[in-house]
Amino acid sequence: RPQHLSGLEIIRDLCEGKLEGGEIGSTEITFTPGKIKGGTHIADTKTAGSVCLLMQVAMPCVLFAASPSELRLKGGTNAEMAPQIDYTVMVFKPIVEKFNFTFNCDIKKRGYYPQGGGEVVVQMSPVKELSPINLTERGTVTKIYGRAFVAGALPIKLAKDMSAAAVRCIRKEIRDLYINIQPVREPDDQAFGTGSGIIVVAETSTGCLLAGSSLGKRGKNSDKVGIEAAEILLRNLKHGGTVDDSLQDQLIIFMALAKGVSRVKSGPITLHTQTAIHFAEQLTKAKFTVTKSAEEDPSKDTYIIECQGMGMINPNL
């Protein structure tokens, strides 16, 4: 699909590589990488293809580049079947930075299905190597916050309805915690097209971040959108892991590249994560093991994902 092709093309450009079979609908590609350079690179899906997926593809490469990189990513910022940019900034970023790197993510313009038209600028400096992470203690939930947004032709009332419905839903399970879900109307100069959605994040005493999110679409009741996000969050809080099911697979490649042993406690292993582990092991010397967590509470469905990382060293630094 367009975002997969854009992802391959940005990697080809980042490392002066060769790509054959790079077209929409292709079932086979041949890719020959060169040396990873920094600098400015533009990737444009020309659709609502997710900028977050482009970022996921490029990030492990630019970490091992010769110099700092600026990625200008264009497409959908809040798209189906992909993390929303709000999730990337609020959950993915603070957790992935535990691998001992930082990046800057500037949302220039938001873009929605079907046209996209969003733009995000990511700036990142290379590292010598990545440190392993240990995310095995959930702690207790200390706060719940989020944002419900509308853009374009939609009234702010929809955002307020999504927010209120999500709060009501969470209140049934978690009574004693202040929940702050801000309803927002995206400024017209910072959003292209019409869209709506919500993200709700729970933060714990040990610094874990877990979330639930949902997108509005035509004919979908705004209460339902809010409830959907709340239910995803509650489901992720129930399993007792330190990461939600969206973050689980996004950490695999960094665990594989890091030097040393990483451990992450998660809920049920998703198909995405199984796939990521399968390919990470084939492409690196990393070794993963997944074991059922020896929980005090046998009703909890938790696992420990452990990885002996390959200890990738940046040859340019």
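- Under an unreviewed UniProt entry, the protein chain has the name RNA 3'-terminal phosphate cyclase and belongs to Charadrius vociferus.
- Check the Catalytic activity (unreviewed entry) section of the UniProt entry for the protein chain; it says "a 3'-end 3'-phospho-ribonucleotide-RNA + ATP = a 3'-end 2',3'-cyclophospho-ribonucleotide-RNA + AMP + diphosphate".
- The record in UniProt for the protein chain states the following under Sequence similarities (unreviewed entry): "Belongs to the RNA 3'-terminal cyclase family. Type 1 subfamily."

As for the sheet that holds strand E15 (residues 303-308)
Now for step 1: Across the sheet, 4 strands lie side by side as E7-E13-E15-E14; this open sheet has mixed pairing. The outermost strands of the open sheet, each flanked by one partner alone, are strand E7 (134-135) and strand E14 (287-292).
Now for step 2: Direction of pairing for E14 relative to E15: antiparallel, over a ladder of 6 bridges. Bridging across to E15, Val-290 finds its partner in Ile-305.
Now for step 3: Sheet strands in contact with helix H8 (residues 271-283) are E14 and E15, and its direction is about 150° off that of E14.

As for the pattern of salt bridges
Now for step 1: Tallied over the entire structure, the rule returns 20 salt bridges.
Now for step 2: Lys-217 is the partner of Glu-80 in a salt bridge, and the nearest nitrogen-oxygen pair spans 3.1 Å. Remark: Lys-217 occurs in the loop between strand E12 (209-215) and helix H5 (222-238) and Glu-80 occurs in the loop between strand E4 (69-75) and helix H3 (85-96); sequence separation between them is 137 residues.
Now for step 3: Note on Glu-80: relative accessible area 44%, which makes it partly exposed.
Now for step 4: With a shortest N-O distance of 2.7 Å, Lys-157 and Asp-161 are connected by a salt bridge. Taken as a pair, Lys-157 and Asp-161 lie in helix H4 (residues 156-173) at a separation of 4 residues, close to a single helical turn.
Now for step 5: Classification of Asp-161 by relative accessible area gives partly exposed; the value is 22%.
Now for step 6: Residues joined by salt bridges that share partners form a network here, namely Asp-86, Arg-110, Arg-147 and Glu-186.

So, the pairing of strand E13 (residues 261-266)
Now for step 1: Relative to E13, E7 is paired through 2 bridges, and the arrangement is parallel. Looking at E13, one finds that Leu-135 is bridged to Val-264.
Now for step 2: Pairing between E13 and E15: 6 bridges, direction antiparallel. Bridging from a neighbouring strand, Val-264 pairs with Ile-305 of E15.

Conventions we followed
Residues numbered from 1 in each chain as written. Predicted model: local features only at pLDDT ≥ 70, side-chain atom pairs only at ≥ 80, totals over all residues. Heavy atoms only, no water. UniProt positions renumbered as here; feature names shortened; annotations may be inferred. Pairing = 2+ DSSP bridges. Helix = DSSP H or I, 4+ residues; strand = E, 2+ residues; numbered from the N terminus. Contact = heavy atoms within 4.5 Å. Axes fitted to C-alpha atoms, helices over the stretch in contact; angles between N-to-C directions. Salt bridge = Lys/Arg side-chain N within 4 Å of Asp/Glu carboxyl O. Buried < 20%, exposed > 50% of the residue type's maximum accessible area, 1.4 Å probe, protein only.

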